[in-house]
Number of protein chains: 2
Amino acid sequence: MAAKIDDPERHKSKMANRKAAQDAEVAGKTIEKGLLIVHTGKGKGKSTAAFGLLMRALGRGFKTGVVQFGKGAWDTGERHAIDRFPGQVSWHALGEGFTWETQDRTRDVAAAERAWAKAEELMADPELRLLILDELNIALRYDHLDINNVVATLTARRPDLHIVVTGRNAKPELIEAADLVTEMTPVKHHFDAGVKAQEGIEY
Amino acid sequence: MAAKIDDPERHKSKMANRKAAQDAEVAGKTIEKGLLIVHTGKGKGKSTAAFGLLMRALGRGFKTGVVQFGKGAWDTGERHAIDRFPGQVSWHALGEGFTWETQDRTRDVAAAERAWAKAEELMADPELRLLILDELNIALRYDHLDINNVVATLTARRPDLHIVVTGRNAKPELIEAADLVTEMTPVKHHFDAGVKAQEGIEY
């Protein structure tokens, strides 16, 4: 037996088997699927991390979509960055601002419904790999859209489509349906110290 | 007096004064400065949000730097995205992996010191507007670098340089020195459900 163990070919074969067994174990533990990701909480970084995911996906060559339900948390910096990936991003800024700005619920609901219709249209595009629904949580929070309908549609997404939903106060129904939920919690904020929003950092 | 109020020129002047007063009030409440930003916590999104900030700054045309103290949380997707901004990013992957991987504290400390020396070098570049110190918190947590020295150097940064530090377990001294601290808290994670890391999402 010792001779066989020292035999280089036999050793190589044995190591290959071990490697295969390890790979099988890893494979057995994993499922490949499009993720429903939620970034919520009162802290910074919800939309920024979604934007980071978008850029990573663009770097991979994916076709992507962005629907903004709110009034442009993404601005010049993001636009210019996305311009470097022509044809890869279908971008729709459809938020009109929210109740405290428009003072008009009918208008808010209409804007949310337009944005959601665009989201559904993008979900139907078989080439799309990543869809960002920025500030959708706000529209859901104020019941501008029906949570059950939204969750049912998101859950019925194609298996290879990743969706990222951002915004404070994610509803429990959405969290329940999601694969990955992160809460961004503010520990300390420079606005409290009178520091203004910074170009290239906050916009 | 009524005639004067209705006079278009006078009205214009009055509105301009009001606008100026408002602007002065906004200006009085704000300070423009390079921010020290910390992304910590056990959740996802710390490095991804930093990457989002990087891409936003690149979109703005800023010159930026990245020093990775850990072993590449940023991978192919990020690299390809950054390649679209030639000459704008000075990138240094100097992490060797941590104690539980190298089993060699001397080597860990040497790697952290090399990475920190690079960070100091980048901070001295007057053109740099944003510097990401990815996973610096891990090197600080294991005392591979002296926290007081690091905080003193970060605090003494140029007034127009933004710095983002990522990693779990940010030390209290760093949080104290920071302008903006966000904790990313995991609410739900698909790895727990056996779903594997996804190309274009996690790497």
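Residues numbered from 1 in each chain as written. Chains lettered and ligands numbered in written order. Predicted model: local features only at pLDDT ≥ 70, side-chain atom pairs only at ≥ 80, totals over all residues. Heavy atoms only, no water.

## Here's the deal with the overall build of chain A
Okay, so step 1: A count of helical and extended segments in chain A gives nine helices and six strands.
Okay, so step 2: Restricting to contacts in chain A with at least 6 residues of sequence separation, those with at least 24 account for 78%.
Okay, so step 3: Approximately 9,700 Å² of chain A is accessible, and the part contributed by carbon and sulfur atoms is 51%. (Helix = DSSP H or I, 4+ residues; strand = E, 2+ residues; numbered from the N terminus. Contact = heavy atoms within 4.5 Å. Areas by Shrake-Rupley, 256 points an atom, 1.4 Å probe, with all protein chains shown as cover.)

## Some thoughts on helix α8 (residues 147-155) of chain A
Residue and element names in this part refer to chain A.
Okay, so step 1: Among the residues making up α8, those that are buried are I147, V150, V151, T153 and L154. Projection of α8 onto a plane perpendicular to its axis shows the buried side chains occupying an angular sector of 165°, all on one side.
Okay, so step 2: The inward-facing, buried residues of α8 abut β1 (36-40), α6 (105-123), β4 (128-134), α7 (136-141), β5 (162-166) and α9 (172-177). (Buried < 20%, exposed > 50% of the residue type's maximum accessible area, 1.4 Å probe, protein only. Arc of directions from axis to C-beta.)

## Section: the packing of helix α6 (residues 105-123) of chain B against helix α8 (residues 147-155) of chain B
All names here are of chain B.
Okay, so step 1: For the pair α6 and α8, the least separation of the axes is 11 Å and the interaxial angle reads 15°. Viewed along their axes, α6 and α8 adopt a mutual orientation that is roughly parallel. Crossing geometry of α6 relative to α8 is assigned as left-handed. Seen from α6, the contacting residues are W116, E120 and M123; seen from α8, they are N149, V150, T153 and L154.
Okay, so step 2: Grouping the constituent residues of the contact of α6 with α8 by class yields four nonpolar, two polar and one charged. (Axes fitted to C-alpha atoms, helices over the stretch in contact; angles between N-to-C directions. Parallel < 35°, antiparallel > 145°, perpendicular 65-115°, else oblique. Left-handed = near helix turned anticlockwise from the far one by under 90°. Nonpolar A, V, L, I, M, F, W, Y, C, P; charged D, E, K, R; others polar.)

## A closer look at the nonpolar core
Okay, so step 1: Among the nonpolar cores identified, the biggest contains 40 residues, and L54 and M55 of chain A together with L54 and M55 of chain B are the most heavily contacted of them.
Okay, so step 2: Among the secondary structure elements, those contributing two or more residues to this core are α3 (46-59), α4 (76-82), β3 (89-93) and β4 of chain A together with α3 (46-59), α4 (76-82), β3 (89-93) and β4 (128-134) of chain B. (Core = buried A, V, L, I, M, F, W, Y, C linked by side-chain atoms within 4.5 Å.)

## Quick notes on the environment of D179 of chain B
Residue and element names in this part refer to chain B.
Okay, so step 1: Within the secondary structure, D179 sits in the loop between α9 (172-177) and β6 (180-188).
Okay, so step 2: A residue is classified by how much of its surface remains accessible, and D179, at 11% relative accessible area, is buried.
Okay, so step 3: In the structure, D179 is positioned 144 residues away from L35 in sequence and 5.8 Å away in space, judged by C-alpha atoms.
Okay, so step 4: Here the side chain of D179 touches K33 through a polar contact of 2.8 Å, side chain to side chain.
Okay, so step 5: A polar contact of 2.8 Å, which involves the side chain of D179, links it to the backbone nitrogen of L36. (Polar contact = N/O pair within 3.5 Å; in protein donor to acceptor, adjacent residues only side chain to side chain.)

## Quick word on the confidence of the model for chain A
Okay, so step 1: Per-residue confidence for chain A averages 84 on the pLDDT scale, and 73% of its residues sit at or above 70.
Okay, so step 2: Below pLDDT 50 for its whole length, residues 1-6 of chain A participates in three contacts with residues either more than four positions away or in separate chains. (pLDDT = per-residue confidence, 0-100.)

## A few points about the pairing of β6 of chain B
Okay, so step 1: Relative to β6 of chain B, strand β6 (residues 180-188) of chain A is paired through seven bridges, and the arrangement is antiparallel. The partner of P186 of chain A across the bridge, within β6 of chain B, is T182 of chain B.
Okay, so step 2: Pairing analysis gives four bridges linking strand β1 (residues 36-40) of chain B to β6 of chain B, with the strands arranged parallel. Directly across from H39 of chain B, in β6 of chain B, lies its bridge partner T182 of chain B. (Pairing = 2+ DSSP bridges.)

## Overview of the pattern of salt bridges
All names here are of chain A.
Okay, so step 1: Counted under the stated rule, the structure contains 16 salt bridges over all chains.
Okay, so step 2: For D125, the salt bridge goes to K63, with nearest N and O atoms at 2.8 Å. Highlighted residues: D125 in the loop between α6 and β4 and K63 in strand β2 (residues 63-68), separated in sequence by 62 residues.
Okay, so step 3: Take D125: its relative accessible area is 18%, and that puts it in the buried class. (Salt bridge = Lys/Arg side-chain N within 4 Å of Asp/Glu carboxyl O.)

## What about the sheet that holds β6 of chain B?
Okay, so step 1: Taken in spatial order, the 12 strands make up an open sheet running β3(A)-β2(A)-β4(A)-β5(A)-β1(A)-β6(A)-β6(B)-β1(B)-β5(B)-β4(B)-β2(B)-β3(B), and their pairing is mixed. Two strands lie at the open edges of the sheet, namely β3 of chain A together with β3 of chain B, each paired on one side alone. When strand polarity is set aside, the average angle formed by the axes of neighbouring strands in this sheet is 15°.
Okay, so step 2: Pairing analysis gives six bridges linking strand β2 (residues 63-68) of chain B to β4 of chain B, with the strands arranged parallel. In the strand pairing of β4 of chain B, V66 of chain B is matched with I132 of chain B.

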